[in-house]
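Examination of the molecular architecture
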Amino acid sequence: MKKLLIIAAITFGFLSTSNAQKIEYKVITSIESIVPMGIGRSRIIEEKDPIEAENFTTERTDGKKSKQKAVKRADAKVNLFSETKLLNFYSIAGINFQNIASNDALLSSKINQLTSQGWELAFVTSGVESDSGKGDGKGIFITRYIFKKQSEI
């Protein structure tokens with residue numbers, strides 16, 4: 001009986017290591033304008049051309065010396081991404097609840113599309129830079145949706 005348990009444990013160990021999993025992450029960003037009268041631009045942004053952060057990372061040798069000047073910002077820009085048009089929070093009369101409901105429907109559609117492709121919504125984080133009063137007329141509400149997917153190596 002002991003031998004059978006040992007063989008089963010060893011077999012289970014081999015099976016569990018042979019199905020190694022890799023976790024992949026994807027970030028989708030929604031930017032919703034809070035500029036009055038619908039002048040702003042609101043979008044869902046999804047990169048389609050992944051880049052490696054390692055290619056833009058340098059090490060400091062003594063806390064002062066860095067090779068960051070050798071890294072070009074233009075090289076860090078992706079050229080291939082999708083934009084889904086969203087509506088602005090404000091119309092000429094103020095907050096437009098129909099626009100907010102429409103954006104919710106578009107975001108739900110995007111999330112449903114990604115989950116049907118095997119992505120799982122893992123985290124959501126948001127921030128706002130709001131209108132600071134008379135004469136400002138600027139502001140955005142930004143939300144990052146972080147998805148993850150497990151795949152076999």
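Residues numbered from 1 in each chain as written. Predicted model: local features only at pLDDT ≥ 70, side-chain atom pairs only at ≥ 80, totals over all residues. Heavy atoms only, no water.

Its place among the elements puts Arg 43 in strand E2 (residues 42-47). If we skip the residues at most four places from it in the chain, Arg 43 touches Thr 29, Ser 30, Ile 31, Glu 83, Thr 84, Lys 85 and Leu 86. (Helix = DSSP H or I, 4+ residues; strand = E, 2+ residues; numbered from the N terminus. Contact = heavy atoms within 4.5 Å.)

Let us now look at the nonpolar core. Among the nonpolar cores identified, the biggest contains 8 residues, and these are Ile 28, Ile 44, Leu 86, Leu 107, Leu 114, Trp 119, Tyr 145 and Phe 147. Of all elements in the fold, only helix H2 (97-116) and strand E7 (140-152) reach the threshold of two or more residues within this core. Leave out the neighbours within four places in its chain, and Ile 28 touches Ile 44, Ile 45, Glu 46, Leu 114, Thr 143, Arg 144, Tyr 145 and Phe 147. (Core = buried A, V, L, I, M, F, W, Y, C linked by side-chain atoms within 4.5 Å. Buried < 20%, exposed > 50% of the residue type's maximum accessible area, 1.4 Å probe, protein only.)

As a further point, take the packing of aromatic side chains. Counted under the stated rule, the structure contains 1 aromatic pair. Seen from their ring centres, Phe 89 and Phe 141 are 6.0 Å apart, and the 45° between their planes marks the pair as tilted. With a gap of 52 residues between them, Phe 89 in the loop between strand E3 (81-86) and strand E4 (90-91) and Phe 141 in strand E7 connect regions that are remote in the sequence. On the basis of relative accessible area, Phe 89 is assigned to the buried category, the value being 16%. (Phe/Tyr/Trp six-rings, centres within 6.5 Å; stacked < 30°, edge-to-face > 60°.)

Here we take up the environment of Tyr 90. Considering the arrangement of structural elements, one finds Tyr 90 in strand E4. Considering only alpha carbons, one finds Tyr 90 and Ile 34, 56 residues apart in sequence, at a separation of 5.8 Å.

Taken in spatial order, the 5 strands make up an open sheet running E3-E2-E1-E7-E6, and their pairing is antiparallel. Looking at strand neighbours, the two that pair on one side only are E3 and strand E6 (120-129), the edges of this open sheet. Between one strand axis and the next, the sheet turns through 20° on average, direction left out of account. Bridge count for strand E1 (residues 21-33) against E7 is 13 bridges, and the pairing is antiparallel. Considered in E7, the bridge of Ser 30 is made with Thr 143. Contacting E1, E2, E3 and E7, H2 runs over the sheet at an angle of about 10° to E2. (Pairing = 2+ DSSP bridges. Axes fitted to C-alpha atoms, helices over the stretch in contact; angles between N-to-C directions.)

Per the counting criterion, the structure on display carries 4 salt bridges. For the salt bridge of Arg 43 with Glu 83, the shortest nitrogen-to-oxygen distance reads 3.2 Å. With Arg 43 in strand E2 and Glu 83 in strand E3, this residue pair connects regions lying 40 residues apart in the sequence. For Glu 46, the salt bridge is made with Lys 110, and the minimal N-O distance between the two is 2.5 Å. Linking Glu 46 in strand E2 with Lys 110 in helix H2, this pair joins segments that are 64 residues apart in sequence. What makes Glu 46 buried here is its relative accessible area of 3%. (Salt bridge = Lys/Arg side-chain N within 4 Å of Asp/Glu carboxyl O.)

That is the geometry; function is a separate question.
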